[in-house]
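In case you want the letters, here they are:
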Amino acid sequence: MVIDMNKKKLILDKLIKEMEIAHRENEVPVSAVIFDKKYNIISYAHNKRQKNKDVLGHAEILAIQAAGNKIGDWRLDGYSMIVSLEPCDMCSIVIDESRLDKVYYLVKQDGNKYEINIEKEKISGYEEYDKKAEELLTTFFDNMRWKPLFLWYNKSQEVYLWVIKFYIENTGLLILIML
(Lines give C-alpha, C1' and ligand atoms only; values in the text may rest on other atoms or scores of the structure.)
Protein backbone atom coordinates (compact mmCIF):
# COMPACT_ATOMS: atom_id res chain seq x y z
CA MET A 1 0.00 0.00 0.00
CA VAL A 2 1.43 3.38 -1.00
CA ILE A 3 0.88 6.12 1.56
CA ASP A 4 0.85 9.78 0.67
CA MET A 5 3.75 11.41 2.56
CA ASN A 6 1.53 14.44 3.18
CA LYS A 7 -0.69 12.31 5.45
CA LYS A 8 2.30 11.35 7.58
CA LYS A 9 3.35 15.01 7.77
CA LEU A 10 -0.20 16.02 8.79
CA ILE A 11 0.04 13.59 11.70
CA LEU A 12 3.45 14.94 12.72
CA ASP A 13 2.24 18.53 12.36
CA LYS A 14 -0.70 17.72 14.66
CA LEU A 15 1.67 16.08 17.13
CA ILE A 16 3.89 19.19 17.29
CA LYS A 17 0.89 21.54 17.46
CA GLU A 18 -0.44 19.64 20.49
CA MET A 19 3.02 19.80 22.10
CA GLU A 20 3.03 23.58 21.63
CA ILE A 21 -0.43 23.86 23.22
CA ALA A 22 0.73 21.83 26.23
CA HIS A 23 3.85 24.00 26.51
CA ARG A 24 1.74 27.19 26.54
CA GLU A 25 -0.52 25.67 29.20
CA ASN A 26 2.52 24.89 31.42
CA GLU A 27 2.03 21.17 30.94
CA VAL A 28 4.89 18.83 30.12
CA PRO A 29 4.82 19.12 26.32
CA VAL A 30 3.92 15.56 25.42
CA SER A 31 1.31 14.75 22.79
CA ALA A 32 -0.12 11.67 21.12
CA VAL A 33 -1.99 11.03 17.87
CA ILE A 34 -3.85 7.82 17.03
CA PHE A 35 -4.37 6.99 13.36
CA ASP A 36 -5.66 4.16 11.17
CA LYS A 37 -3.85 2.09 8.54
CA LYS A 38 -4.50 4.77 5.91
CA TYR A 39 -2.97 7.43 8.19
CA ASN A 40 -6.29 9.12 8.94
CA ILE A 41 -6.24 10.79 12.37
CA ILE A 42 -8.72 9.18 14.78
CA SER A 43 -7.82 11.11 17.95
CA TYR A 44 -5.15 13.27 19.50
CA ALA A 45 -4.33 14.78 22.88
CA HIS A 46 -1.68 16.55 24.91
CA ASN A 47 -0.83 16.28 28.60
CA LYS A 48 -3.44 17.76 30.95
CA ARG A 49 -2.23 16.58 34.34
CA GLN A 50 -1.99 20.07 35.82
CA LYS A 51 -5.09 21.46 34.14
CA ASN A 52 -7.30 18.51 35.11
CA LYS A 53 -5.45 17.83 38.38
CA ASP A 54 -5.42 14.19 37.33
CA VAL A 55 -2.55 11.72 37.51
CA LEU A 56 -4.01 9.99 34.44
CA GLY A 57 -3.86 13.17 32.36
CA HIS A 58 -1.10 11.82 30.11
CA ALA A 59 -1.46 12.47 26.38
CA GLU A 60 -1.38 8.76 25.51
CA ILE A 61 -4.20 7.87 27.90
CA LEU A 62 -6.33 10.84 26.81
CA ALA A 63 -5.84 9.96 23.12
CA ILE A 64 -6.76 6.31 23.80
CA GLN A 65 -9.92 7.38 25.63
CA ALA A 66 -10.89 9.75 22.80
CA ALA A 67 -10.28 7.04 20.17
CA GLY A 68 -12.35 4.53 22.14
CA ASN A 69 -15.20 7.02 22.39
CA LYS A 70 -15.00 7.77 18.67
CA ILE A 71 -15.01 4.18 17.45
CA GLY A 72 -17.24 2.86 20.24
CA ASP A 73 -14.82 0.21 21.50
CA TRP A 74 -11.90 0.07 23.93
CA ARG A 75 -10.06 -2.33 21.64
CA LEU A 76 -7.91 -0.34 19.21
CA ASP A 77 -6.81 -3.21 16.97
CA GLY A 78 -5.90 -1.83 13.55
CA TYR A 79 -4.78 1.56 14.89
CA SER A 80 -1.36 2.99 15.69
CA MET A 81 -0.12 5.81 17.87
CA ILE A 82 2.67 8.33 17.55
CA VAL A 83 3.90 10.05 20.70
CA SER A 84 6.26 12.99 21.03
CA LEU A 85 8.11 11.31 23.95
CA GLU A 86 8.52 7.57 24.42
CA PRO A 87 5.68 6.44 26.73
CA CYS A 88 6.27 6.13 30.45
CA ASP A 89 5.64 2.82 32.22
CA MET A 90 2.06 3.72 33.20
CA CYS A 91 1.15 4.70 29.64
CA SER A 92 2.90 1.62 28.25
CA ILE A 93 0.62 -0.59 30.32
CA VAL A 94 -2.49 1.28 29.09
CA ILE A 95 -1.20 1.08 25.50
CA ASP A 96 -0.73 -2.68 25.91
CA GLU A 97 -4.27 -3.05 27.22
CA SER A 98 -5.75 -0.95 24.40
CA ARG A 99 -4.34 -3.38 21.80
CA LEU A 100 -2.88 -0.73 19.49
CA ASP A 101 -0.93 -2.28 16.61
CA LYS A 102 2.18 -0.11 16.83
CA VAL A 103 3.61 2.84 18.75
CA TYR A 104 6.02 5.35 17.24
CA TYR A 105 7.83 8.06 19.19
CA LEU A 106 10.05 11.04 18.42
CA VAL A 107 12.18 11.45 21.56
CA LYS A 108 13.59 8.49 23.50
CA GLN A 109 12.99 8.47 27.25
CA ASP A 110 15.47 6.86 29.63
CA GLY A 111 14.49 4.82 32.64
CA ASN A 112 11.42 2.93 31.41
CA LYS A 113 11.12 -0.48 33.01
CA TYR A 114 7.95 -1.86 31.41
CA GLU A 115 8.43 -3.46 28.01
CA ILE A 116 5.23 -3.33 25.99
CA ASN A 117 4.09 -6.26 23.88
CA ILE A 118 3.14 -3.91 21.06
CA GLU A 119 5.72 -3.05 18.44
CA LYS A 120 7.45 0.20 19.46
CA GLU A 121 9.73 2.15 17.17
CA LYS A 122 11.66 5.42 17.19
CA ILE A 123 10.48 7.31 14.13
CA SER A 124 13.21 8.24 11.68
CA GLY A 125 13.50 10.37 8.58
CA TYR A 126 11.74 13.37 10.06
CA GLU A 127 14.62 15.17 11.76
CA GLU A 128 12.89 18.57 11.71
CA TYR A 129 10.11 17.12 13.89
CA ASP A 130 12.63 15.41 16.19
CA LYS A 131 14.44 18.70 16.63
CA LYS A 132 11.25 20.65 17.36
CA ALA A 133 10.06 18.05 19.90
CA GLU A 134 13.42 18.01 21.69
CA GLU A 135 13.48 21.82 21.71
CA LEU A 136 10.01 22.06 23.27
CA LEU A 137 10.84 19.49 25.95
CA THR A 138 14.21 21.08 26.73
CA THR A 139 12.89 24.63 27.00
CA PHE A 140 9.99 23.47 29.18
CA PHE A 141 12.26 21.75 31.70
CA ASP A 142 14.88 24.52 31.56
CA ASN A 143 12.18 27.07 32.37
CA MET A 144 10.94 24.93 35.26
CA ARG A 145 14.40 24.67 36.78
CA TRP A 146 15.37 28.35 36.75
CA LYS A 147 12.33 30.55 36.67
CA PRO A 148 12.33 33.81 38.61
CA LEU A 149 9.11 34.04 40.56
CA PHE A 150 9.62 37.73 41.17
CA LEU A 151 12.35 40.34 41.10
CA TRP A 152 12.58 43.14 43.62
CA TYR A 153 14.87 46.13 43.21
CA ASN A 154 15.55 48.72 45.89
CA LYS A 155 17.19 51.83 44.35
CA SER A 156 18.53 53.24 47.59
CA GLN A 157 20.33 50.06 48.55
CA GLU A 158 20.94 48.72 45.03
CA VAL A 159 19.79 45.27 46.09
CA TYR A 160 18.26 42.73 43.75
CA LEU A 161 16.30 39.90 45.24
CA TRP A 162 15.62 36.89 43.10
CA VAL A 163 13.39 34.07 44.21
CA ILE A 164 14.06 31.08 42.05
CA LYS A 165 12.09 27.87 42.03
CA PHE A 166 14.35 24.94 41.26
CA TYR A 167 13.09 21.41 40.73
CA ILE A 168 15.13 18.42 41.73
CA GLU A 169 13.44 15.11 41.02
CA ASN A 170 9.96 16.66 41.32
CA THR A 171 10.59 18.29 44.70
CA GLY A 172 10.36 22.06 44.75
CA LEU A 173 13.29 23.93 46.24
CA LEU A 174 13.16 27.69 46.67
CA ILE A 175 16.39 29.63 46.41
CA LEU A 176 16.76 33.26 47.52
CA ILE A 177 19.54 35.20 45.87
CA MET A 178 20.41 38.73 46.96
CA LEU A 179 22.83 40.74 44.87
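Engineer: Please clarify how the nonpolar core should be interpreted in this entry.
Structural biologist: Nonpolar side chains tend to gather and get buried jointly when the protein is soluble and globular. Leu 12, Ile 34, Met 81, Ile 82, Ile 95, Leu 100 and Leu 106 are the most contacted members of the largest nonpolar core, which has 38 residues in total. Mapped onto this core, the elements with two or more residues apiece are α1 (5-24), β1 (31-35), β2 (41-46), α3 (59-71), β3 (80-85), β4 (102-107) and α5 (127-145). Every residue in contact with Ile 82, bar those within four places of it in the chain, is listed here: Ile 11, Leu 12, Leu 15, Ser 31, Ala 32, Val 33, Phe 35, Tyr 104 and Ile 123.

Engineer: I keep staring at the packing of aromatic side chains and nothing clicks. Help me out?
Structural biologist: Geometry of an aromatic ring pair is reported as the spacing of the ring centres plus the angle between the planes. A complete count under the given rule lists 3 aromatic pairs for this structure. Both rings, one in Phe 35 and one in Tyr 39, keep their centres 5.2 Å apart while their planes meet at 15°; by these two values the pair is stacked. When sorted by exposure, Phe 35 lands in the same class as Tyr 39, which is buried. Taken together, the ring pairs in this structure connect Phe 35, Tyr 39 and Tyr 104 into an aromatic cluster.

Engineer: Just to check I follow, could you spell out the sheet that holds strand β5 (residues 119-122) for this structure?
Structural biologist: The pairing of strands in a sheet comes from backbone hydrogen bonds and takes either a parallel or an antiparallel form. If you trace the 5 strands from one edge of the open sheet to the other, you get β2-β1-β3-β4-β5, paired in mixed fashion. Two strands lie at the open edges of the sheet, namely β2 and β5, each paired on one side alone. On average, each strand axis in the sheet is tilted by 15° relative to the strand beside it, whichever way the strands run. The sheet contact formed by β1 and β2 spans 5 bridges and is antiparallel. Looking at β2, one finds that Ala 32 is bridged to Ala 45. Packing against the sheet, α3 makes contact with β1, β2 and β3, and its axis sits at approximately 145° to β2.

Engineer: Is there a simple way to explain unusual backbone geometry in this structure?
Structural biologist: Glycine aside, a negative phi is what most residues show, and trans is what most peptide bonds show. Even without a glycine there, the phi angle at Tyr 39 is positive, about 65°. By secondary structure assignment, the location of Tyr 39 is in the loop between β1 and β2. Accessibility expressed as a relative area gives 19% for Tyr 39, which makes it buried. Phi is positive for Lys 53, which is not a glycine, with a value near 50°.

Engineer: What is the right way to read the packing of α3 against helix α4 (residues 89-98) from this model?
Structural biologist: In helix packing, the relevant descriptors are the interaxial angle and the interaxial distance, both defined with respect to the helix axes. α4 packs onto α3 with a crossing angle of 20° between their chain directions and a minimal axis gap of 9 Å. Looking at the two axes, α3 sits roughly parallel to α4. When the axes of α3 and α4 are compared, the crossing they make is left-handed. Taking contact as the criterion, the partners of Glu 60, Ile 61 and Ile 64 in α3 are, on α4, Met 90, Cys 91, Val 94, Ile 95 and Ser 98. Of the residues in the contact of α3 with α4, the class split is 6 nonpolar, 1 polar and 1 charged.

Procedures and definitions
Residues numbered from 1 in each chain as written. Predicted model: local features only at pLDDT ≥ 70, side-chain atom pairs only at ≥ 80, totals over all residues. Heavy atoms only, no water. Core = buried A, V, L, I, M, F, W, Y, C linked by side-chain atoms within 4.5 Å. Buried < 20%, exposed > 50% of the residue type's maximum accessible area, 1.4 Å probe, protein only. Helix = DSSP H or I, 4+ residues; strand = E, 2+ residues; numbered from the N terminus. Contact = heavy atoms within 4.5 Å. Phe/Tyr/Trp six-rings, centres within 6.5 Å; stacked < 30°, edge-to-face > 60°. Pairing = 2+ DSSP bridges. Axes fitted to C-alpha atoms, helices over the stretch in contact; angles between N-to-C directions. Parallel < 35°, antiparallel > 145°, perpendicular 65-115°, else oblique. Left-handed = near helix turned anticlockwise from the far one by under 90°. Nonpolar A, V, L, I, M, F, W, Y, C, P; charged D, E, K, R; others polar.

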